[in-house]
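So the chains spell out like this:
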Amino acid sequence: MAQIIDGKLISAQIKEELKEKVSKMKSLGVEVTLAVIQVGADPASSVYVRNKKKACEFIGIRSLSYELPEGTSQEELLDLINKLNERADVNGILVQLPLPSHMEEEKILDAISPLKDVDGFHPQNVGALCIGKQGFVSCTPAGVIQLLKRSGIEIAGKECVVIGRSNIVGKPMALLLLRENGTVTVTHSRTKELKAVTSRADILVVAVGKPRMITEDYVKEGAVVIDVGIHRDSEGHLCGDVDYESVAPKCSAITPVPGGVGPMTIAMLMNNCVESVKLQG
Ligand code: NAD
């Protein structure tokens, strides 16, 4: 029977630990503040923003909310980011994606001070991860590492395969597994013989963005499978990139969807907010 890696439970533990840390910081007169910027009213983004604010409230992080109309110009948004960069009482700045089509996402994200970039998307933080320096790490892959570590799964020396090479999941995931001394292979849409490569994995991290694509024939007997994907199927049910029903019986451990990687992303965002105080100190 596969161990089911409970992301809900692990994320709740992390949030409890952070709540305690923040309360200690408060008693020393240190407050943690996150500025959350949303442009437009995309319903999915509004849900994410609400959940982030709720998590801040639970942990004791002050959140400042900037809800800008869809028609906001890029210059106005850059101006707000610059002001928040300069404010000593703001530790983290988060711009909810996607942005409206008249904005250049890269330019906006690059404008956030690397010391306040709690999403870990700034090239300086990505570069820091690459060369093993301190900096913010993208929240979803950082959450995967926590799931593995807190479930007692050793990474060092293991054959790790990542499916997907996006800047926010696949690439930082590979770098983090490498930092933990895994032997890492990154696969993508142009990989030949994908099944042959994934079947070597002791730890398989799937971030392919295709509902239930990874079936049992991609997975080695006894592998650990981490499913980053999240989709709503034709019947309205949530599912991942992994075909859980066929893959779970073959694994030693697996994350479910929902309740696996998903809840970890916000927990790690909160962790980055708390850590930002140290980085800025
Ligand atoms: P993306 O679309 O940017 O990247 C997908 C990657 O998969 C690409 O690098 C592509 O090369 C690769 N790919 C596509 N088809 C392939 C194929 N047939 N074989 C091998 N590789 C293939 O997606 P993303 O932003 O990295 O997200 C991946 C998944 O994770 C999505 O389902 C997304 O919804 C989910 N996600 C979840 C969270 C979370 O908090 N749980 C956060 C971010 C993303």
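Attention here is on the structure that accompanies the text. (Residues numbered from 1 in each chain as written. Predicted model: local features only at pLDDT ≥ 70, side-chain atom pairs only at ≥ 80, totals over all residues. Heavy atoms only, no water.)

Regarding helix α1 (residues 7-27)
Item 1. Between its terminal C-alpha atoms α1 stretches 30 Å, which fits the 30 Å expected from 21 residues at 1.5 Å a residue.
Item 2. Those residues of α1 not exposed but buried are G7, I10, S11, I14, L18, V22 and M25. Angular distribution of buried residues about the axis of α1 spans 110°; they occupy a single face of the element. Residues K8, E20, K24 and S27 are exposed on α1 and point more than 90 degrees away from its buried face.
Item 3. Contacts from the buried residues of α1 go to α2 (43-59), α6 (139-150) and α10 (262-280). (Helix = DSSP H or I, 4+ residues; strand = E, 2+ residues; numbered from the N terminus. Expected span 1.5 Å × (residues − 1). Buried < 20%, exposed > 50% of the residue type's maximum accessible area, 1.4 Å probe, protein only. Arc of directions from axis to C-beta. Contact = heavy atoms within 4.5 Å.)

Comments concerning the pairing of strand β6 (residues 183-187)
Item 1. As defined by bridge partners, strand β5 (residues 159-163) adjoins β6 across 5 bridges and the pair is classed as parallel. The residue bridging C160 from the neighbouring strand is V184, located in β6.
Item 2. A crossover links β5 with its parallel partner β6, the connecting element being helix α7 (residues 170-179), and its sense is right-handed. (Pairing = 2+ DSSP bridges. Right-handed = clockwise from strand over helix to strand, strands pointing away.)

Focus: the site of the ligand
Item 1. Taken together, 22 residues lie around the ligand, and R165, S166, H188, S189 and T265 are the ones closest in.
Item 2. Interatomic distance of 2.8 Å between a backbone N/O atom of R165 and an oxygen atom of the ligand.
Item 3. Here an oxygen atom of the ligand sits 2.7 Å away from a polar atom, N or O, in the side chain of T265.
Item 4. Contact with the protein chains removes 71% of the 870 Å² of surface that the ligand exposes when unbound. (Near = heavy atom within 4 Å. Polar contact = N/O pair within 3.5 Å; in protein donor to acceptor, adjacent residues only side chain to side chain. Areas by Shrake-Rupley, 256 points an atom, 1.4 Å probe, with all protein chains shown as cover.)

Observations regarding a negative patch on the surface
Item 1. Taken together, the side chains of E75, E76, E104, E105, E106 and D110 present a region of like negative charge at the surface.
Item 2. At the level of secondary structure, the elements contributing two or more residues to the negative patch comprise α3 (74-86) and α4 (105-111).
Item 3. Per-element accounting of the negative patch gives the leading share, 3 residues, to α4.
Item 4. Note on E106: relative accessible area 61%, which makes it exposed. (Patch = residues over 30% accessible without salt bridge, like charges linked within 9 Å, V, L, I, M, F, W, Y side chains within 5 Å. Salt bridge = Lys/Arg side-chain N within 4 Å of Asp/Glu carboxyl O. Lys, Arg positive; Asp, Glu negative; His and termini not counted. Charge placed at Lys NZ, Arg CZ, Asp CG, Glu CD.)

A few points about a positive patch on the surface
Item 1. Together, R165, K171, R190 and K192 line one region of the surface with positive charge.
Item 2. Within the element layout of this structure, R165 appears in the loop between β5 and α7.
Item 3. On the accessibility criterion, R165 (40% relative accessible area) is partly exposed.

Quick word on the sheet that holds strand β11 (residues 253-254)
Item 1. The parallel open sheet is built from 6 strands, whose spatial order is β1-β11-β8-β7-β5-β6. With partners counted over all chains shown, the strands left at the sheet margins are β1 (3-4) and β6, one partner each.
Item 2. The strands touched by α7 within the sheet are β5, β6 and β7 (203-206), with β5 carrying the most contacts at an inclination of about 170°. (Axes fitted to C-alpha atoms, helices over the stretch in contact; angles between N-to-C directions.)

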